[in-house]
There are 6 protein chains.
Amino acid sequence: MAVLPLGAVEQHGPHLPVSTDLVTATEAATAAAGAVAASGAASVVLLEPLAYTKSDEHAGFPGTIWLSWDTLMRVLIDVGRSLAASGITRLLFVNGHGGNSALGQVANRELRRRFGLRTFFAHVATPRDQGGVPASGAEHGLGVHGGHGETSLMLHLRPGLVRMDLAERRVPEDLLAYEQIGFGRATSFGWLSSDFGPEGHIGDPTTATAEAGKELFEHAVEQLARTLVEASRFTTPADGAGALGARDRA
Amino acid sequence: MAVLPLGAVEQHGPHLPVSTDLVTATEAATAAAGAVAASGAASVVLLEPLAYTKSDEHAGFPGTIWLSWDTLMRVLIDVGRSLAASGITRLLFVNGHGGNSALGQVANRELRRRFGLRTFFAHVATPRDQGGVPASGAEHGLGVHGGHGETSLMLHLRPGLVRMDLAERRVPEDLLAYEQIGFGRATSFGWLSSDFGPEGHIGDPTTATAEAGKELFEHAVEQLARTLVEASRFTTPADGAGALGARDRA
Amino acid sequence: MAVLPLGAVEQHGPHLPVSTDLVTATEAATAAAGAVAASGAASVVLLEPLAYTKSDEHAGFPGTIWLSWDTLMRVLIDVGRSLAASGITRLLFVNGHGGNSALGQVANRELRRRFGLRTFFAHVATPRDQGGVPASGAEHGLGVHGGHGETSLMLHLRPGLVRMDLAERRVPEDLLAYEQIGFGRATSFGWLSSDFGPEGHIGDPTTATAEAGKELFEHAVEQLARTLVEASRFTTPADGAGALGARDRA
Amino acid sequence: MAVLPLGAVEQHGPHLPVSTDLVTATEAATAAAGAVAASGAASVVLLEPLAYTKSDEHAGFPGTIWLSWDTLMRVLIDVGRSLAASGITRLLFVNGHGGNSALGQVANRELRRRFGLRTFFAHVATPRDQGGVPASGAEHGLGVHGGHGETSLMLHLRPGLVRMDLAERRVPEDLLAYEQIGFGRATSFGWLSSDFGPEGHIGDPTTATAEAGKELFEHAVEQLARTLVEASRFTTPADGAGALGARDRA
Amino acid sequence: MAVLPLGAVEQHGPHLPVSTDLVTATEAATAAAGAVAASGAASVVLLEPLAYTKSDEHAGFPGTIWLSWDTLMRVLIDVGRSLAASGITRLLFVNGHGGNSALGQVANRELRRRFGLRTFFAHVATPRDQGGVPASGAEHGLGVHGGHGETSLMLHLRPGLVRMDLAERRVPEDLLAYEQIGFGRATSFGWLSSDFGPEGHIGDPTTATAEAGKELFEHAVEQLARTLVEASRFTTPADGAGALGARDRA
Amino acid sequence: MAVLPLGAVEQHGPHLPVSTDLVTATEAATAAAGAVAASGAASVVLLEPLAYTKSDEHAGFPGTIWLSWDTLMRVLIDVGRSLAASGITRLLFVNGHGGNSALGQVANRELRRRFGLRTFFAHVATPRDQGGVPASGAEHGLGVHGGHGETSLMLHLRPGLVRMDLAERRVPEDLLAYEQIGFGRATSFGWLSSDFGPEGHIGDPTTATAEAGKELFEHAVEQLARTLVEASRFTTPADGAGALGARDRA
């Protein structure tokens, strides 16, 4: 089984480095893979992380380096093809950037169908709109980018890169007026970080602490380690990959 | 504001027609748009539905006509470009097929960024892995395709197309053994319907009734109508679409 | 054998709805398939129509939703792949929009070569530049969009959607000065509807009547029904699809 | 105004060289452009011909070098972009290969829309399915590839490359049994040359003569010269290219 | 073995025709293939040249017709697929345009991997940044486009197309100040001809003579003939093309 | 100015890790950027390296993860677009993998033309076929992959990852029989590592030492540091990027 961390290089507001998601994904995947290897519960190959991913919601902000949906899918397909040719049969994405979640689901299925890989997509922190629990109640579930959670994680992992002196609360509380539409609501909406103001973050980093980050990180690593073990033995009633003809794989 | 129903033409097990998702999306969108128009709460243009969408998880089953991720994204982008050129500023997808959810999120953002459209993505029935409540407890949240919910909806909307005599329970209860991975769990997995057996459905249609379908449908229409009204007045603190240069839209 | 109606959603001048070609293609294909099924002369599967197709000549007019040549070809290829995987061996396009004709020929061959399908491309009304007879002599063969023929068809099929009070004659008679170049002449030219003025139609809808439309429609259905029967038994001296290796299909 | 000959490199049966269509298109375009230049009737730039085009119907026959629909369209778009950037405003394709006709129509419009070029598509010999008159009655309109007409043209233009000793009649007369479907009939069909047998030609080259070829060639050149003059002054009631916004050109 | 001349249609300064690279590649390939055929040393098929190639560095100059990297690669892949299907096993590119060199290397490998072709890429005159010796010392190795060498070649091959009265020295001697970066230096740089001024050429055509051109041409032909013979018998320790599975060829 | 290390994850024979090129590119770029920053000679942003690049010549070997030419170009274009939008005006690639050289040249120009970036492409060790001096005379210039040079570099940089016990000499001396064709010869050839045998490396690692690696590395860093300084002030006689219209950038 292979584990591929998905990072991002993108603006995270004035207080966080552009490598935030790359750091969290790589650190969490490394720790989880290490724990699993140490326990002997599964055999895992930790791949080099993808640094540049789908950060189109931050396009136009200095420091954001984004791949289009098309480019990233092609990268993931090429990686999947290569892994299958190398004898890998299971692949777990460990994702640090919420903007990759949707395309990651698409890749999950594409790699299953075309290369027969058993694929899994896990988050360092499950995004709010994927059923995740908000990291901080004071953000009302609106801290989706550079808020309490991510800032805490970075205070734990890379305190030297965090500028708490520049951290400001940017919680779009007006969104609470909607019942159907919103982060984690039944109806999603297409947003850009510039829809929320010029700073680029959405959330409240001012409450972040290294202690909270440590707790979040350790919880994430523990969940990922459990996921790794489950993924190594996960089966379905049938293995449908073999049922497809070449045309269906095209 | 425009409303675009997203259907599918794909196998739904031996008991349901291939047009199931097209029927439910079109019927629900039509009813909701009609209700909103009747109330005068918002001005809505109901677009022709997309019949063929991303049904790659059912590739190889007779009756499934599927577009690749690449093709469907191009279709959605072309539609978005056309709508923007026609003066439309808001677009709500009403989706009847769970397999479209992930790519729909990608399109949501792409159309927002490239064309400045305010975009929204709603489900006739929120999929389990998007936080939706299972339609039937007896399916243990595993009724994701052709199960109690969809079969009930079709018994209500197109009873003549349902073959209850062919309906059989196909609930992959073994999945309950996993804690991290599964439908609606923190870690998703890439699945094909052939991973669950040769019939193609995943769930328990045997408990379906027209009454349950009527209730599900009326609830969906009510939610969609509310969503339409919200979407017509939805704003964010800033309108970031105008902040992007031409290069970022590319 | 499968039948795929190709419609369009595009401006048709101030007097016709944007769904004109979708209506005519769907109605004609449905009637022809019904007649053939009733006669038992051939076994036919009527597919969901493609509503959005190649309407690039009307790009920029409100109400036009167009797919690029690239997108539409990918859609047709995906549909062809799916049909072949479902056991379908023959496919007839029933086309209501002249702007699809050329790409349809390309698809005809591509699906034959790649998937071995026997493919056929028929028009509800053969376009002037494909050898078709003009629907009205008073248009001098220049009524190619929203003129006498299409307006008559819609007066027959959807009279409530036709605004004859807005119908105006827009026949580009200056084109008659050319002998080599023109609609249906030896040399074709690349045109946009905006090359002919701001209204968007090209022809004379003022002479249209429901009676003429009924006659056109019944003739079209009769021709299509004959075509369906012929297509179900059409053969060539050899079946070259089997002679191709995998590389040639790529 | 620019003139672009479209040739082909493809099998033409055992008796004709693979360069047949390249020779006829280049010779005819050169002669016509020369005649027009000599008369001073129009200012023409004769471009280097495209040797390799869309010969997918002959894929798998030795000697055929074919571009896919996708590749050829991209070539034509790149050429159109370059011409527009060079100050060219009108472009006439002179086509020697019937298999290019459909895609050429697509390109005609694409280059008009995207680059504002006035585009025209002419044939050395109008194909039967574009309203052309058959070159020989004895072929019953079925001599579409390597038959009487093309062989005669080559006997006139490149007699040393024609092997009349290998010429054999291959007229698929069974096609005459169909009324709706066929070459030049109302309904076209997707064909490969291997659908008609292993030799690769479709028609009767045995009746070809250099005299008939001379007559065909001179007629073609005369028609093309007239077309060039017409194309140099061709206008429509409006010039719609300027009416499009950047988004519609995309 | 097949030989494919790669020309270009692009500005070459005011003194040379746009067809310069097409002329030199075609003439040199033809002469070399002729010499080899005459000697019986190898069996060679001379293909029609590609006239339009990757001239993006001259985009925007009138007369330049350029294909994008993407388009040209697709053309080369389609040609390679066709050749392999025709039974060709070796392919030599004879390149007259420096701007094709890099993409040609990419194609070299792609055609080897996907179609098993033994591929070779030769230059009429090895570019300075590929280790070639400058044609004229007076240009300090900076005569990369339309300078002494190319002008001399054209004075030899097509004297009637050269306008020596318009030839001016345009040698960017400032580049000599750099040690690491430059034409033929360890670090290459991305340049456009407009980076060097409005005329479009880079070098000194004023020293060109037909005699020098004759010498260059004959040397090139001699080298190409030797290359052809070597290529016809070139082997590596193993033939790795057969070792790849279908997935690796994708 | 930005610096982007281009690594690779690919087989390097039995004695070297798959990350060899990623290690060398990243280490050399980091050291060079650090030296330049320390000297204050130029302002440099060191970007996250690209781990996965164009390793198609090693496709099918376990451990190779390769991007196609198409995918990698799209990645480089997306990165270039993002950098330009972030205000970066100069970009230096520091390449550790010879298989990237050709495509890197293509990207060099594409990013210059489309985004106006001044682009530069440097090698950690200039490949033999780019004019580089062989790292070891005993390899006769044939040590292109996993030979003396790379192995020495890794013995210096990551001795713990080198398995000298598995190192074997694999020098394809038969290539010396060719004069025109070969690594660093006038005519290049398309090769796969499987063309040279099953182990995957081409060269002689048995002579490698950490001392030689240290010398190679320090030389590379010194050259790169000089290149960085040169690149930061490199100019051409004109800045042609501004001369291009939007169409030429497309």
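Rules of the game
- Residues numbered from 1 in each chain as written.
- Chains lettered and ligands numbered in written order.
- Predicted model: local features only at pLDDT ≥ 70, side-chain atom pairs only at ≥ 80, totals over all residues.
- UniProt positions renumbered as here; feature names shortened; annotations may be inferred.
- Helix = DSSP H or I, 4+ residues; strand = E, 2+ residues; numbered from the N terminus.
- Rg over C-alpha atoms; globule rule 2.2 N^0.38 Å.
- Contact = placed C-beta atoms within 7 Å.
- Pairing = 2+ DSSP bridges.
- Buried ≥ 20, exposed ≤ 12 C-beta atoms within 10 Å, placed from the backbone.
- Core = buried A, V, L, I, M, F, W, Y, C linked by C-beta atoms within 7 Å.
- Axes fitted to C-alpha atoms, helices over the stretch in contact; angles between N-to-C directions.
- Least-squares fit on C-alpha atoms with pLDDT ≥ 70 in both.
- Right-handed = clockwise from strand over helix to strand, strands pointing away.
- pLDDT = per-residue confidence, 0-100.
- Expected span 1.5 Å × (residues − 1).
- Nonpolar A, V, L, I, M, F, W, Y, C, P; charged D, E, K, R; others polar.

In the annotation of an unreviewed UniProt entry, chain A is listed under the name Creatinine amidohydrolase and assigned to Promicromonospora soli. Of the comments in the UniProt record for chain A, the one headed Sequence similarities (unreviewed entry) reads "Belongs to the creatininase superfamily." Listed in UniProt under the heading Cofactor (unreviewed entry), the comment for chain A reads: "Zn(2+)".

Here's the deal with the overall build of chain A
Counting its secondary structure elements, chain A contains six helices and five strands. Ordering the α and β elements of chain A from the N terminus gives β-α-β-α-β-α-β-α-β-α-α. The C-alpha atoms of chain A give a radius of gyration of 18 Å, which matches the 18 Å a tight globule of 250 residues would have. Overall, the C-alpha framework of chain A stretches about 55 × 40 × 35 Å when taken along its three principal axes. Here the contacts in chain A between residues at least 6 apart in sequence split such that 78% fall between residues at least 24 apart.

Digging into the sheet that holds strand β1 (residues 2-6) of chain C
As summarised here, the arrangement of the five strands in space is β2(C)-β1(C)-β3(C)-β4(C)-β5(D), forming an open sheet in which the pairing is mixed. Whereas interior strands pair on both sides, the edge strands pair on one side only; in this sheet they are β2 (45-46) of chain C together with β5 (188-189) of chain D. Pairing analysis gives two bridges linking strand β4 (residues 118-123) of chain C to β5(D), with the strands arranged antiparallel. When the bridges of β5(D) are listed, Phe120(C) appears paired with Phe189(D).

A short note on the pairing of strand β1 (residues 2-6) of chain B
All names here are of chain B. For β1, a buried count of five out of five residues is recorded, marking the element as mostly surrounded by other parts of the structure. Burial along β1 is two-sided: Ala2, Leu4 and Leu6 facing one way and Val3 and Pro5 facing the other are all buried. When β1 meets strand β2 (residues 45-46), the two strands line up parallel, connected through two bridges. If you follow Ala2 over to β2, its bridge partner there is Val45.

Remarks on the nonpolar core
If you look at the biggest cluster of nonpolar residues, it comprises 423 residues, and the most contacted ones within it are Val94(A), Val94(B), Val94(C), Val94(D), Val94(E) and Val94(F). When sequence neighbours within four positions are dropped, the list of residues in contact with Val94(C) reads Val3(C), Pro5(C), Leu6(C), Ala25(C), Ala28(C), Ala29(C), Ala122(C), Val124(C) and Leu224(C).

A look at the sheet that holds strand β1 (residues 2-6) of chain F
Taken in spatial order, the five strands make up an open sheet running β5(E)-β4(F)-β3(F)-β1(F)-β2(F), and their pairing is mixed. A single partner strand is all that each edge strand has here, and the edge strands are β5 (188-189) of chain E together with β2 (45-46) of chain F. Seen against the sheet, helix α1 (residues 20-39) of chain F touches β1, β2 and β3 (90-95) of chain F and runs at an angle of roughly 160° to β1(F).

Examining the arrangement of the chains
There is no contact between chain A and chain D; across them, the least C-alpha separation is 17 Å. In this view chain C stays clear of chain F, with the nearest C-alpha atoms of the two still 17 Å from each other.

Brief notes about the relation of the copies chain A and chain B
Superposition of chain A onto chain B requires a rotation of 180° combined with a translation of 0.0 Å along the rotation axis, giving an RMSD of 0.0 Å. Expressed as an axis order, the relation between the two copies is that of a two-fold axis. Relative to the rotation axis, the closest C-alpha in chain A is found at Ala102(A), a distance of 2.3 Å.

Observations concerning the pairing of strand β4 (residues 118-123) of chain A
Residues and elements named next belong to chain A. Counting buried positions along β4 gives six out of six residues, so the element sits mostly inside the fold. A two-sided burial pattern is seen for β4, the buried positions comprising Arg118, Phe120 and Ala122 on one face and Thr119, Phe121 and His123 on the other. Between the parallel pair strand β3 (residues 90-95) and β4, the chain is carried across by helix α3 (residues 101-115), and the sense of this crossover is right-handed.

Let's talk about helix α4 (residues 148-157) of chain D
Note: α-helices contain 3.6 residues per turn, so residues at a spacing of three or four share the same orientation. Residues and elements named next belong to chain D. With nine of 10 residues buried, α4 is to be regarded as a mostly interior element. Among the residues of α4, His148, Gly149, Glu150, Thr151, Ser152, Leu153, Met154, Leu155 and His156 are the ones counted as buried. Looking at the buried residues of α4, the elements they touch are α1 (20-39) and α5 (210-233).

A short note on unusual backbone geometry
Excluding glycine, a negative phi dihedral is what most residues carry, and trans is how most peptide bonds are arranged. Residues and elements named next belong to chain C. At His140, a residue that is not glycine, the phi angle is positive and equals roughly 55°. Looking at where His140 falls in the secondary structure, it is placed in the loop between β4 and α4 (148-157). You can call His140 partly exposed: it has 17 C-beta atoms within 10 Å.

Regarding the confidence of the model for chain A
Close inspection of predicted coordinates is inappropriate for parts of the model with low pLDDT. Mean pLDDT over chain A stands at 95; residues scoring 70 or higher make up 95%. Across the interfaces of the predicted complex, the ipTM metric reaches 0.95, alongside a pTM of 0.97.

Here's the deal with helix α1 (residues 20-39) of chain A
Under the 1.5 Å per step criterion, the end-to-end length of α1(A) is 29 Å for 20 residues, consistent within 8% with the ideal 28 Å. Phi turns positive, to about 75°, at Gly40(A), one or two residues after α1(A).

So, the interface of chain A and chain B
Contacts between chain A and chain B engage 56 residues on the former and 56 residues on the latter. Among the secondary structure elements, those contributing two or more residues to the side of chain A that touches chain B are α2 (69-85), α3, β4, β5 (188-189) and α5 (210-233) of chain A. Per-class residue counts for the side of chain A that touches chain B are 25 nonpolar, 18 polar and 13 charged.

Observations regarding the environment of Val94(D)
Residues and elements named next belong to chain D. Looking at the secondary structure, you find Val94 in strand β3 (residues 90-95). For Val94, a count of 30 C-beta atoms within 10 Å corresponds to the buried category. Spatially, the C-alpha atoms of Val94 and Ala25 are 6.2 Å apart, while their sequence positions differ by 69 residues.

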